[in-house]
Amino acid sequence: MFEGRVAIVTGGTRGIGAAITEMLAKSGAHVAAGYSKGKEPAEACVARLKAEGASVSCHQGRVDDFNDCQRVVDEVLERFGRVDYLVNNAGITVDKTLRKMSNDDWHNVLNVNLSGAFHMTKAVLEHMIERGSGRIVNISSVIGETGNIGQANYSASKAGLFGFTKSAALELANKGITANVVAPGFIATEMVKAVPEAALAKVIEKIPQRRLGEPSEVARVVKFLLEDGSSYITGAVYTVNGGLDM
Amino acid sequence: MDATSTFGHSATLRSLAGRVAIVTGGSRGIGGAISRSLAADGAIVAVVGVAPDRERTAELRASLNGSAKLVHFYEADVADYPQCEAAVRNVIADHGRVDILVNNAGITKDHTIRKMTVDEWKAVLDVNLSGPFFMMKAVLEHMIERKYGRIVNISSVVGHTGNFGQSNYAAAKAGLLGLTKTVALETARAGITVNAVAPGFTATEMVKLMPQAAIDIAKSRTPQDRLGEPDEIGRVVRFLIDEGSSFITGATYDVNGGMFM
């Protein structure tokens, strides 16, 4: 279905990003998976997927640095000739209550989670506009809808993606490009498993379906939005959260 | 049937063979596209409609190839609870089960509030909001017993934004979102998902009935400058009712060419 197409997935070698990379690659796309630290795990991820027949490359860069974003996009265009899909998935947490949150804690999370999406979108945009087609999916979070104690920075960055994505969608509506948000709930990844067990149990109790989601359950929503038949979907927020945002 | 990925869930949509779906108003328009999509993937589709829909369902069947035999018609006015109950009973008697319910049947009776009669208000609320409540009530015991269900309620962009001349329709479509979330909460631990799809202006008879000037305004308010196609709505419904979509519940999936709040 995605044969001949090229996707960039930031933070694409771990967690939800790795599941997105795997699903798109197994649907026939070449996936350029970005990572910032952890070169060995990134290369291991690529090697594993290649062994399963998928076409994947990994690219080091920091999405909070626009020059890195442009460099990686240029790399991908140079090596693979095109970019059809951009999935802004890279995200970090630095959880503190407001009273303890430093300016750096605030800015670091905003710079990666929100500015990173802006930087990467800007870096691919002229190419997508020239080709008259493209799909952008930004990975937000249920926390962007509801807020969360200790996550003023994270929730602001994730909520910010709603406004950013709608603006992009409006600007690109007549250029054959869609921009949408996927907002996952609590998903079984390293980021969530790092939460202490008692706290995690409390989290799960709040989820109407009483379970965490699987990364692949998020990946299939992303994949759906990237499909050719989804061209009328733009500026939308597609949640996948076991009922958590009600 | 697709193989299970290493993450434990199928990577793509799964076959609907063996599943039974009820689609209210499923003989034409968005409902017709939904019926086609589900039948194409092997589901038995029970179209629930009023008397004129019987003929329309026959036409729908005639337009399908192999999947025509999967489509059946059950007459019921969804604004009447006993008729909803009877239709569901008959579907289960004939086909053994109900896995999927798509509350798509809807009507318009447009007037500004100053000109809208109380009857016009009530008629639209009865079909577009009470209908989904009645149909969900009618299938829920069965779905809970089987610990499996997929319910999709067709709302509208107008439920988010309102629309000139549609106070009844907008109220019903917005109300459907609260109804969807509530039933989703109440059934979250029973293997049932309940979601809404909110289409923008879609190229169906309902929209074509609007005055041309209103259609032109609708298009100009759509950033993509076009109406949606029924199939574009149908595929979102198809995605949500898939077995693999089990973590999605209480959601509203918009498909509106950029015409959002």
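Residues numbered from 1 in each chain as written. Chains lettered and ligands numbered in written order. Predicted model: local features only at pLDDT ≥ 70, side-chain atom pairs only at ≥ 80, totals over all residues.

## Here we look at the overall build of chain A
Spelled out, the test is: Under the scheme used here, helices are H or I runs from DSSP no shorter than 4 residues and strands are E runs no shorter than 2 residues, and both carry numbers assigned from the N terminus. Each radius of gyration reported is based on C-alpha atoms, and the globular scaling rule is 2.2 Å times the count of residues to the power 0.38. The contact criterion used is a C-beta to C-beta distance within 7 Å, with each C-beta placed from the backbone.
The secondary structure content of chain A amounts to nine helices and seven strands. The C-alpha atoms of chain A give a radius of gyration of 17 Å, which matches the 18 Å a tight globule of 246 residues would have. Overall, the C-alpha framework of chain A stretches about 50 × 40 × 35 Å when taken along its three principal axes. Contacts spanning at least 24 positions in sequence make up 72% of the contacts within chain A whose residues lie at least 6 apart.

## As for the overall build of chain B
To keep it simple, the criterion reads: For every residue, the other C-beta atoms within 10 Å of its own C-beta are counted; 20 or more classify it as buried, 12 or fewer as exposed, and values in between as partly exposed. C-beta atoms are placed from the backbone.
Within chain B, the regular secondary structure consists of nine helices and seven strands. Taking 2.2 N^0.38 as the reference for a compact globule, 261 residues should give roughly 18 Å; the C-alpha atoms of chain B span a radius of gyration of 18 Å, in line with that estimate. Split into buried and exposed, the 261 residues of chain B put 52% on the buried side. In chain B, once contacts between residues fewer than 6 apart in sequence are set aside, the share between residues at least 24 apart is 72%.

## Re the sheet that holds strand β6 (residues 192-199) of chain B
Residue and element names in this part refer to chain B. Selection criterion: Between any two strands, pairing holds if DSSP finds at least two bridges. Only the stretch in contact is used when fitting a helix axis, every axis being a line fitted to C-alpha atoms; angles between N-to-C directions are given from 0 to 180 degrees.
In space, the seven strands of this open sheet follow the order β3-β2-β1-β4-β5-β6-β7, with parallel pairing throughout. Because the sheet does not close on itself, it has two edges, and the strands there are β3 (71-75) and β7 (252-255). Neighbour-to-neighbour, the strand axes of the sheet open up by a mean angle of 20 degrees, direction not taken into account. Pairing analysis gives five bridges linking strand β2 (residues 44-49) to β3, with the strands arranged parallel. By the bridge assignment for β3, Val 47 is matched with Phe 73. Along the sheet face, helix α4 (residues 118-146) touches β1 (20-24), β4 (100-103), β5 (149-154) and β6 and points at about 175 degrees away from the line of β4.

## Here's the deal with the interface of chain A and chain B
Taken residue by residue, the interface counts 31 residues in chain A and 29 residues in chain B. Residue assignment for the side of chain A that touches chain B shows that the elements contributing at least two residues are α1 (15-26), α6 (152-172), α9 (215-226) and β7 (237-240) of chain A. Among the elements that line the side of chain A that touches chain B, the one with the most residues is α9 of chain A, at five residues.

## Focus: the pairing of β7 of chain A
Residue and element names in this part refer to chain A. Because side chains alternate across β7, one face comprises the buried residues Val 237 and Thr 239, and the other comprises Tyr 238 and Val 240, equally buried. For strand β6 (residues 177-184) and β7, the ladder comprises four bridges, and the chain directions are parallel. Looking at the pairing, Val 181 lines up with Val 237 of β7.

## Comments concerning the nonpolar core
Quick note on the threshold: Put simply, a nonpolar core is buried Ala, Val, Leu, Ile, Met, Phe, Trp, Tyr and Cys residues tied into one set by C-beta atoms within 7 Å.
Grouped together as the largest cluster of nonpolar side chains are 148 residues, with contacts concentrated most on Ala 21, Val 45 and Val 197 of chain B. With near-sequence residues (within four places) excluded, Val 197 of chain B lies in contact with Val 152, Ile 154, Ser 155, Ile 233, Val 236, Val 237, Leu 240, Tyr 253 and Val 255 of chain B.

## So, the packing of helix α3 (residues 66-80) of chain A against helix α4 (residues 103-131) of chain A
Helix-helix packing is described using two parameters, namely the angle between the two axes and the distance between the axes. All names here are of chain A. Our working definition: Should the near helix be turned anticlockwise from the far one by less than a right angle, the crossing is termed left-handed; should it be turned clockwise, right-handed. Here the nonpolar group is Ala, Val, Leu, Ile, Met, Phe, Trp, Tyr, Cys and Pro; Asp, Glu, Lys and Arg are the charged ones; every other residue, Gly included, is treated as polar.
Where α3 contacts α4, the two axes come as close as 8 Å, and the packing angle between them is 40 degrees. Where α3 crosses over α4, the handedness of that crossing is right-handed. Residues Phe 66, Cys 69, Gln 70, Val 73 and Leu 77 of α3 pack against His 119, Met 120, Ala 123, Val 124 and His 127 of α4. Considered class by class, the residues forming the contact of α3 with α4 number seven nonpolar, three polar and no charged.

## Focus: the environment of Gln 224 of chain B
The residue Gln 224 of chain B is located in the loop between α8 (212-220) and α9 (230-240) in this model. Classification of Gln 224 of chain B by C-beta neighbours within 10 Å gives buried; the count is 22. Along the sequence, Gln 224 of chain B and Met 259 of chain B sit 35 residues apart, while their C-alpha atoms lie 8.4 Å from each other. Residues in contact with Gln 224 of chain B, not counting those within four places in the same chain, are Ala 173, Asn 174, Tyr 232 and Thr 234 of chain A together with Gly 257 and Gly 258 of chain B.

## Thoughts on the sheet that holds strand β5 (residues 134-139) of chain A
Residues and elements named next belong to chain A. Here we have seven strands laid out as an open sheet, ordered β3-β2-β1-β4-β5-β6-β7, and parallel in their pairing. Edge positions in the open sheet fall to β3 (55-60) and β7, since each of these has one partner strand only. Across this sheet, the average inter-strand angle for adjacent strands is 20 degrees, counted without regard to direction. α1 contacts β1 (6-9), β2 (30-35), β3, β4 (85-88), β5 and β6 of the sheet and is inclined by roughly 165 degrees relative to β2.

## So, unusual backbone geometry
Although it is not a glycine, Arg 210 of chain A sits at a positive phi angle of roughly 55 degrees. Backbone geometry at Asp 225 of chain B places phi at a positive 55 degrees, although glycine is not the residue there. Inspection of the secondary structure puts Asp 225 of chain B in the loop between α8 and α9. On the basis of neighbour count, Asp 225 of chain B is assigned to the exposed category, with 12 C-beta atoms found within 10 Å.

## Details of helix α1 (residues 29-40) of chain B
Residues and elements named next belong to chain B. To be explicit about the condition: To estimate the expected span of a helix, subtract one from its residue number and multiply by 1.5 Å.
With 12 residues, α1 should reach 16 Å at 1.5 Å per residue; the first-to-last C-alpha distance of 17 Å fits that figure. Taking burial as the measure, the 12 residues of α1 include 11 buried ones, the bulk of the element. Gly 42 occupies a position one or two residues after α1 and carries a positive phi of about 100 degrees.

## Details of α1 of chain A
Residues and elements named next belong to chain A. Look at α1: 17 Å from first C-alpha to last across 12 residues, which is about the 16 Å you get at 1.5 Å a residue. Among the 12 residues of α1, 12 are classified as buried, and the element is accordingly described as predominantly covered. Among all positions of α1, only Gly 15, Ile 16, Gly 17, Ala 18, Ala 19, Ile 20, Thr 21, Glu 22, Met 23, Leu 24, Ala 25 and Lys 26 are buried. Immediately downstream of α1, the backbone of Gly 28 shows phi near 110 degrees, a positive value.

## Regarding the pairing of β5 of chain B
All names here are of chain B. The condition is simple: Handedness of a crossover is defined as follows: orient the strands so they point away from the viewer, and if the path from the first strand over the helix to the second runs clockwise, the crossover is right-handed.
For β5, the buried fraction is high: six of the six residues fall into the buried class. Burial along β5 is two-sided: Gly 149, Ile 151 and Asn 153 facing one way and Arg 150, Val 152 and Ile 154 facing the other are all buried. Bridge count for β4 against β5 is four bridges, and the pairing is parallel. Bridge assignment links Leu 101 to a residue of β5, and that residue is Ile 151. Note that the unit made of β4, α4 and β5 has a crossover that is right-handed. Summarising the sheet, β5 and β6 pair through six bridges and their orientation is parallel. Within β6, the position partnered with Ile 154 by the bridge is Val 197.

## Comments concerning the confidence of the model for chain B
Residue and element names in this part refer to chain B. As a reminder, the rule being used: The predictor attaches a confidence to each residue, and that confidence, scored 0 to 100, is pLDDT.
Per-residue confidence for chain B averages 93 on the pLDDT scale, and 95% of its residues sit at or above 70. Here residues 1-11 is modelled with pLDDT under 50, and outside its nearest four sequence neighbours on either side it reaches 24 contacts, counting other chains as well. For this predicted complex, the interface score ipTM comes out at 0.92, while the overall pTM is 0.93.

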